[in-house]
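# Coordinate analysis (summary)
Chain by chain, the residues run as shown.
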Amino acid sequence: MRQTKMLYFMKRMEFSLWRLPMAASILTLVLLLGSCADGDNVYDSMRRIVSDGAPAYNSVRLEQLQLDSVRYSGESFSWAQEDQGICCLDIFYGWLYRFDAEGHLIKRTLGNGRASNESIIKHYMIGTMSGDGELAIAGSSLDFEYFSKDLTAVNRFLIVKDQQKEYAPSEFLAYTTPGDCIARFYKGKLYEGLVSDIPDFIFGPDYEKKVCHIGVVDMTEGKALKSEIQGLPSMFSEDKAKYRGMDFVMFDIDNQDNMYIGFAADSLVYVFDHNRKPKFAFGRSGVNMDTDYERFGSLDEMNAYRTNITKKGYYYWIEYIDETGVCFRSYKKGADSEYDGLQVYKDGKLMSDSEIPKGFKVVGYIAPYYYSQIIGGEEDGSLMAYRFKLD
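These numbers come from a predicted model, not from an experiment.

The rules we used
Residues numbered from 1 in each chain as written. Predicted model: local features only at pLDDT ≥ 70, side-chain atom pairs only at ≥ 80, totals over all residues. Heavy atoms only, no water. Pairing = 2+ DSSP bridges. Helix = DSSP H or I, 4+ residues; strand = E, 2+ residues; numbered from the N terminus. Axes fitted to C-alpha atoms, helices over the stretch in contact; angles between N-to-C directions. Buried < 20%, exposed > 50% of the residue type's maximum accessible area, 1.4 Å probe, protein only. Lys, Arg positive; Asp, Glu negative; His and termini not counted. Salt bridge = Lys/Arg side-chain N within 4 Å of Asp/Glu carboxyl O. Contact = heavy atoms within 4.5 Å. Polar contact = N/O pair within 3.5 Å; in protein donor to acceptor, adjacent residues only side chain to side chain. pLDDT = per-residue confidence, 0-100. Phe/Tyr/Trp six-rings, centres within 6.5 Å; stacked < 30°, edge-to-face > 60°.

## Digging into the sheet that holds strand 13 (residues 212-218)
Taken together, the four strands give an open sheet; going across it, the order is 11-12-13-14, and neighbouring strands pair in antiparallel fashion. Every other strand in the sheet has two partners, leaving strand 11 (183-186) and strand 14 (223-230) as the edge strands with one partner each. Going from strand to strand, the sheet's axes swing by 25° on average, the running direction of each strand aside. As paired strands, strand 13 and strand 14 are joined by five bridges and run antiparallel to one another.

## Points about the side chain of Asp218
Along the polypeptide, Asp218 turns up in strand 13. Lys189 is the oppositely charged side chain nearest to the buried, salt-bridge-free Asp218, at an N-O distance of 4.6 Å.

## Concerning the pairing of strand 26 (residues 383-388)
Judged by how many residues are buried, strand 26 sits mostly within the fold: six of six residues are covered. Of the two faces of strand 26, the one carrying Leu383, Ala385 and Arg387 and the one carrying Met384, Tyr386 and Phe388 are both buried. With five bridges connecting them, strand 2 (residues 63-67) and strand 26 associate as antiparallel partners. Bridged to Gln66 within strand 26 is Met384. Across two bridges, strand 25 (residues 375-376) lies against strand 26 in antiparallel orientation.

## A few points about the environment of Tyr331
Among the secondary structure elements, Tyr331 is positioned in strand 20 (residues 326-332). Using a relative accessible area of 0% as the deciding quantity, one classes Tyr331 as buried. Expressed as a C-alpha distance, the spacing of Tyr331 and Ser267, which sit 64 residues apart in the sequence, is 10.0 Å. When sequence neighbours within four positions are dropped, the list of residues in contact with Tyr331 reads Gly286, Val287, Met289, Tyr314, Tyr315, Tyr316, Asp340, Gly341, Leu342, Gln343 and Asp353. From its side chain, Tyr331 meets the backbone nitrogen of Val287 in a polar contact 2.9 Å long. A polar contact is formed between the side chain of Tyr331 and the side chain of Asp353, at a distance of 2.6 Å.

## Examining helix 6 (residues 302-311)
Counting buried residues in helix 6 gives seven out of ten residues, a clear majority hidden from the surface. Among all positions in helix 6, only Met302, Ala304, Tyr305, Arg306, Thr307, Asn308 and Ile309 are buried.

## So, the confidence of the model for the chain
When pLDDT is averaged across the chain, the result is 89; 88% of the residues are at 70 or more. Overall, residues 1-38 carries pLDDT values under 50, and its contacts beyond four positions in sequence, including any with other chains, amount to 116 contacts.

## Side note on the packing of aromatic side chains
For the structure shown, the criterion picks out 25 aromatic pairs. On the numbers, 5.8 Å between centres and 80° between planes, the contact of Phe328 with Phe388 is edge-to-face. Here the residue Phe328 occupies a position in strand 20, and Phe388 occupies one in strand 26, the gap between them amounting to 60 residues. Both residues of the pair, Phe328 and Phe388, count as buried. With 4.6 Å between their ring centres and 45° between their planes, Tyr365 and Tyr370 make a pair best called tilted. Tyr370 shares its class with Tyr365; the two are buried. Of the aromatic side chains, those joined through ring pairs into one cluster are Tyr43, Phe236, Tyr243, Phe263, Tyr270, Phe272 and Tyr293.

Here is the structure:
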């Protein structure tokens, strides 16, 4: 009996470890609408915007932008904003670097320490800036920090998880923060991608109806709120073994608090308003994606999950640009492709589907350029980003 329990525990831990880093370029979240569990699937009933005909243009032309060299650990969160410049938050060193639109270093701030303008978190799991320039940071121990626009600490707090308690699927503490967590900071609330590491739930009959992937933390009050948006599109319940583990979510929030949400294996993007009521859906399948997923029906078939995540095609990033009304979505084509894909949507219509370097994400806009995440080398501190125009 003890041996059986130990084997189950080891498999559960292995599954957790494989799901956590997974979110790496992509990260998980699903939706706030408990009502969909008992009625029609809210995703399936959404109004669809269909992209007819060929895209308006076939490719985007990327320009490499070299940034000034800085002390860099090799891992960071990055974004670009008109009034903030290109920003790089180093995950391990704690520094926040700001560069101008041409890549010249403006200032280095933050860093680790206990002053009001320093971070006490040693390893960032989350780092994201609001459109107003406020900063939210979270660590691996459910430790959170909220900084004002001038980078003065507004709040620091811990959320305590009772390891003996069984949390409901709608509760923040029912889930785990994945490795490269997708997160957004909007009007004092941190929205972050979560994953479940409980096999009984993941392989259970109600997972596709009850799972939540977007946790919400009130950074002013210092407490977790009810997870927004619940459930999955019906494709995930109609063929559970094929799509299990491929439900991690990417999302963005525009300046009207509309939420744009996509799932790794689903070709559609779903839009919810500020009350998280469904508005519409749009999207077209990426070009030459290998979506022939191996079936993952139990923990004994863990290799199928590894294969799907490392060798198959799926969607992994969404970025909505308020200034231009353009929505970008990045996707993996599969292990046999030299490139990933980048889709460009305007008013729900596909404008472009281009080949891009693997792992590429659009993270912001400084007119007239759209910018990718920062890419750097740990050894020499060199940093670069891609930028491009949509003419």
